[in-house]
Amino acid sequence: MKIISKTGLFGSDFVFLKKINSTNLFLKEKLAQQKKNFLKNGTTVWAWEQTQGYGRYNRKWQSQNGKTATFSFLLESFFFKKQSNNFILSCHLNQIIALTIVLFLKKQFNIKAEIKFPNDVYVNKKKICGILIENISEKKNDYCIVGIGLNLFSLQNDDFCSIEKEKKNSTKISFSFIFKELLNDLQDAFFFYCQNDYFFFKKKINNHQMILNKEVIFYQDEEKQHGKIIAINDDFSLLVKTLSKKQINVFYDDRCQINL
Ligand code: BTN
């Protein structure tokens, strides 16, 4: 498959695998094995089948063969060197990728999707896409491995939705179309981010953010608390109004539950 890339970031090195444990693991292993900095910025790995796909907090990511677009790409952090630390960089990338996917689904399939902070895209309260960013240091270089699982065709699991189920136009769903168009859109977004700032995405991201004004359950000093999410702060903590009307900052973790 030839990727026509305007800027040359993605597609210069592209691997298609029929079956692999996980596309993120594949890139991690290749990074660890390489003698010099051999893997190019933007190297992209796409798999038909993943046997050990995973998401945040090591949760199992289930996908049915050929029904979900499962792919990962490598980004060298120097590319985004303006960012002060890896945590902020991966939060920015997570939100920018989620926004790009929301806009892509609207443009190509007339699907109204939303960003579910911190790393998912939802349609009608069901997950259509998950994003996993891992920061890796290897041979004195810092990398982000970005994994994306986007459901193209209907799955058996009712917690998920797919482009096939939600699309509102007659555009055909094909792997090569999704791959080429989505990678180009992501590439454009990354270049825009490098040349400008996260600030330029912030308003648009907030306009598509589904967790604002939603109820959240979180833990503070091991105590279960309830509140309402008012905003996402610049350090990516949540600004929450508690039941006692106090405003506090809460860092999202695996125990946070947001009632959508
Ligand atoms: C999540 O839901 O927390 C993120 C899911 C990310 C899944 C993708 S599929 C391609 C890549 N390979 C993996 O093992 N995970 C990511």
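Provided above is the structure to which this section pertains.
Here is what the cut-offs are and how they apply
- Residues numbered from 1 in each chain as written.
- Predicted model: local features only at pLDDT ≥ 70, side-chain atom pairs only at ≥ 80, totals over all residues.
- Heavy atoms only, no water.
- Phe/Tyr/Trp six-rings, centres within 6.5 Å; stacked < 30°, edge-to-face > 60°.
- Helix = DSSP H or I, 4+ residues; strand = E, 2+ residues; numbered from the N terminus.
- Buried < 20%, exposed > 50% of the residue type's maximum accessible area, 1.4 Å probe, protein only.
- Near = heavy atom within 4 Å.
- Polar contact = N/O pair within 3.5 Å; in protein donor to acceptor, adjacent residues only side chain to side chain.
- Areas by Shrake-Rupley, 256 points an atom, 1.4 Å probe, with all protein chains shown as cover.
- Pairing = 2+ DSSP bridges.
- Axes fitted to C-alpha atoms, helices over the stretch in contact; angles between N-to-C directions.
- Contact = heavy atoms within 4.5 Å.

Engineer: How would you explain the packing of aromatic side chains if you had to name every residue and give the values?
Structural biologist: One pass over the structure, following the stated rule, counts 19 aromatic pairs. Ring centres of Phe 14 and Phe 179 lie 4.9 Å apart, and the angle between their planes is 45 degrees; this geometry places the pair in the tilted category. Of this pair, Phe 14 sits in strand E1 (residues 14-20) while Phe 179 sits in helix H4 (residues 175-195), and the two are 165 residues apart along the sequence. For Phe 14, a relative accessible area of 24% translates into the label partly exposed.

Engineer: Give a description of the site of the ligand that names residues and reports values.
Structural biologist: Taken together, 21 residues lie around the ligand, and Ser 22, Gln 50, Tyr 54, Arg 56 and Lys 127 are the ones closest in. For the ligand, a nitrogen atom lies 2.9 Å from a polar atom in the side chain of Gln 50. In the environment of the ligand, an oxygen atom lies 2.9 Å from a nitrogen or oxygen atom belonging to the backbone of Arg 56. Protein contacts shield 96% of the accessible area of the ligand, which totals 420 Å² for the unbound molecule. Put simply, the parts of the chain that give the shell around the ligand at least two residues each are helix H1 (23-33), strand E3 (68-76), strand E6 (126-138) and strand E7 (141-151). Ranked by residue count, the leading element in the shell around the ligand is E6, at 4 residues.

Engineer: For the sheet that holds E7, give the residues involved together with the corresponding values.
Structural biologist: Strand order in the open sheet made by the 7 strands is E1-E2-E3-E7-E6-E5-E4, with mixed pairing throughout. Each end of this open sheet is capped by a strand with a single partner; those strands are E1 and strand E4 (114-116). Across this sheet, the average inter-strand angle for adjacent strands is 20 degrees, counted without regard to direction. Looking at chain direction, E4 and strand E5 (residues 120-123) are connected through 3 bridges and run antiparallel. What sits directly across from Ile 115, in E5, is Val 121. Strand contacts of H4: E1, strand E2 (44-50), E3 and E7, with the helix running at about 30 degrees to E3, the strand carrying the most contacts.

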